Amino acid sequence: MNLYQMTLEDLEKYFESIGEKKFKALQVYEWLYQKKKTDVDEFTNLKKELREKLKEDFSFKRPEIIKREIDKDVQKFLFLLEDGEKIEAVLMEHNYGLSVCVSSQVGCNMGCAFCESGRLKKVRNLKVHEMVLQVLTIEELLEREIHSVVIMGIGEPLDNYDNVMQFIKIINHPKGLAIGARHITLSTCGIIPKIKELSHLGIQINLAISLHAPNDELRSKLMPINKAYPLKELMSTLKEYIALTHRRVTMEYILLQGVNDGESHAHELATLLRGMNAYVNLIPYNETNHLEFKKSSKERIDRFFNVLKQEKINVTIRREFGSKISAACGQLRSKEV
Ligand code: SAH
């Protein structure tokens, strides 16, 4: 077992199971996540035998950063995992602080037509520590606190549900990385049963839905998942989610020139979302080398935005990051594989 996959409660159980006091768990957590020590021998308030025991019982292996690209306020990291697989994480500098976009799987099986990650099928789920260490390693490297985490990198987080939930617990814990739930965003293509599960957990994270089309015909063409979980069911699940959690949901909508960015699409989207506690985040498409989709022109983006405004739908346009360094989902990894 890797030490970084343990919640505080898991560690408390571990210490009890070996006849130690459970407060030792908190001490270890402080070394790992607050003092950011990577060598157990520096955990000076644990006696030598206990340090040796930890070394015997846990692995401390970390994904290794093998490539780092920097472009002003965005940085991209390529990580090498223990089994030779590679994943990426992106760091963005906002005026409110730093945010890290983490990957949740090696590759992705959702097969969205416009997305680079899906070109490379899922190889496996990421383990808990492989997600925790994307955030922790970047924080250590920068020696600056991470303000927010978005689970929007490679992979479908709700297709790796248990590990992602454990990851969220660890980074959210006040004695762990202490990233507030409201500063954690999970983005999904819309796996309905898991959204339902999430709505009963009572956590305050932000939920973002990759919507990208206002009707089933178009959405099924762009996102095969829509055939299994069509819009009507998705919308009613989200309404239930909002009622249970009292949280607003974000609708992500990539604008693809001539595909989903017409005025009629904007009106249709407004009708779909009318009366719902949701807001639309319009995403200028990050063009990739391999796919035929084009980014909508500035005029079309503005027109789409204005229609939604007139329709009284809450809408923002996502700031563009890192098109120079291929920061779009999966682009760095796909260059390497
Ligand atoms: N599987 C999850 C999370 C990963 S994708 C999901 O579907 O939400 C994160 C977001 O990036 C999604 O909204 C996805 O549709 C979007 N995305 C994928 N490729 C993109 C590109 N080339 N440019 C802009 N956004 C992209």
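Residues numbered from 1 in each chain as written. Predicted model: local features only at pLDDT ≥ 70, side-chain atom pairs only at ≥ 80, totals over all residues. Heavy atoms only, no water.

(A) Spotlight on the overall build of the protein chain. Along the protein chain, the regular secondary structure elements total 12 helices and 12 strands. In terms of overall size, the protein chain behaves like a compact globule, its C-alpha atoms giving a radius of gyration of 21 Å where 337 residues would be expected to give roughly 20 Å. The principal-axis extents of the C-alpha atoms in the protein chain amount to approximately 70 × 40 × 35 Å. For the protein chain, the residues scored as buried account for 56% of the 337 residues in total. A separation threshold of at least 6 residues defines the contact pool for the protein chain, and within that pool the share at least 24 residues apart is 66%. Carbon and sulfur atoms make up 49% of the accessible area of the protein chain, which totals about 14,800 Å². For the protein chain, the centre of its 50 positive side-chain charges and the centre of its 47 negative side-chain charges are spaced 2 Å apart. (Helix = DSSP H or I, 4+ residues; strand = E, 2+ residues; numbered from the N terminus. Rg over C-alpha atoms; globule rule 2.2 N^0.38 Å. Buried < 20%, exposed > 50% of the residue type's maximum accessible area, 1.4 Å probe, protein only. Contact = heavy atoms within 4.5 Å. Areas by Shrake-Rupley, 256 points an atom, 1.4 Å probe, with all protein chains shown as cover. Lys, Arg positive; Asp, Glu negative; His and termini not counted. Charge placed at Lys NZ, Arg CZ, Asp CG, Glu CD.)

(B) Region of interest: the site of the ligand. In the vicinity of the ligand there are 20 residues, among which E156, S187, S210, H212 and N286 approach most closely. At 3.0 Å from a nitrogen atom of the ligand is found a side-chain nitrogen or oxygen belonging to E156. Residue T188 places a main-chain N or O atom 3.4 Å away from an oxygen atom belonging to the ligand. Protein contact buries 94% of the 530 Å² of open area that the ligand shows by itself. (Near = heavy atom within 4 Å. Polar contact = N/O pair within 3.5 Å; in protein donor to acceptor, adjacent residues only side chain to side chain.)

(C) The sheet that holds strand β1 (residues 64-71), seen in detail. Read from one edge of the open sheet, 10 strands run β1-β2-β3-β4-β7-β8-β9-β10-β11-β12, paired in mixed fashion. Either end of the sheet is taken by a strand with one partner, and the two such strands are β1 and β12 (315-317). Neighbour-to-neighbour, the strand axes of the sheet open up by a mean angle of 20°, direction not taken into account. Summarising the sheet, strand β10 (residues 249-255) and strand β11 (residues 278-284) pair through 7 bridges and their orientation is parallel. Note that in β11 the partner of V249 across the bridge is A278. (Pairing = 2+ DSSP bridges. Axes fitted to C-alpha atoms, helices over the stretch in contact; angles between N-to-C directions.)

(D) Here's a closer look at the nonpolar core. One finds L11, F114, F167, L238, M251 and V280 to be the most contacted residues of the largest nonpolar core, which totals 104 residues. In terms of residue count, helix α4 (residues 128-142) provides more of this core than any other element does, 8 residues in total. The contacts of L11, once residues within four sequence positions are left out, are L3, M6, A25, V28, Y29 and F58. (Core = buried A, V, L, I, M, F, W, Y, C linked by side-chain atoms within 4.5 Å.)

(E) Just the packing of aromatic side chains, in detail. Taken as a whole and judged by the stated rule, the model has 7 aromatic pairs. Here the aromatic residues Y4, Y29 and Y33 are joined through ring pairs into a cluster of three or more. When the ring centre of W31 is taken as origin, the NZ or CZ atom of K35, which lies over that ring, is 3.9 Å away. Cation over ring: K194 sits above Y161, and NZ or CZ is 4.8 Å from the ring centre. (Phe/Tyr/Trp six-rings, centres within 6.5 Å; stacked < 30°, edge-to-face > 60°. Lys NZ or Arg CZ within 6 Å of the ring centre and 35° of its normal.)

(F) Expanded view of the pattern of salt bridges. Applying the stated rule across the entire model yields 23 salt bridges. Between R51 and D41 there is a salt bridge whose closest N-O contact spans 3.3 Å. With R51 in helix α3 (residues 48-57) and D41 in the loop between α2 (23-34) and α3, this residue pair connects regions lying 10 residues apart in the sequence. Its relative accessible area of 12% is what places R51 among the buried residues. (Salt bridge = Lys/Arg side-chain N within 4 Å of Asp/Glu carboxyl O.)

(G) View of helix α6 (residues 192-199). Three or more residues of α6 are buried, namely I192, I195, L198 and S199. Taken down its axis, α6 places every buried residue within 115° of arc, on the same side. Contact partners of the buried residues in α6: α5 (161-172), β8 (184-188), β9 (206-210) and α9 (231-245). (Arc of directions from axis to C-beta.)

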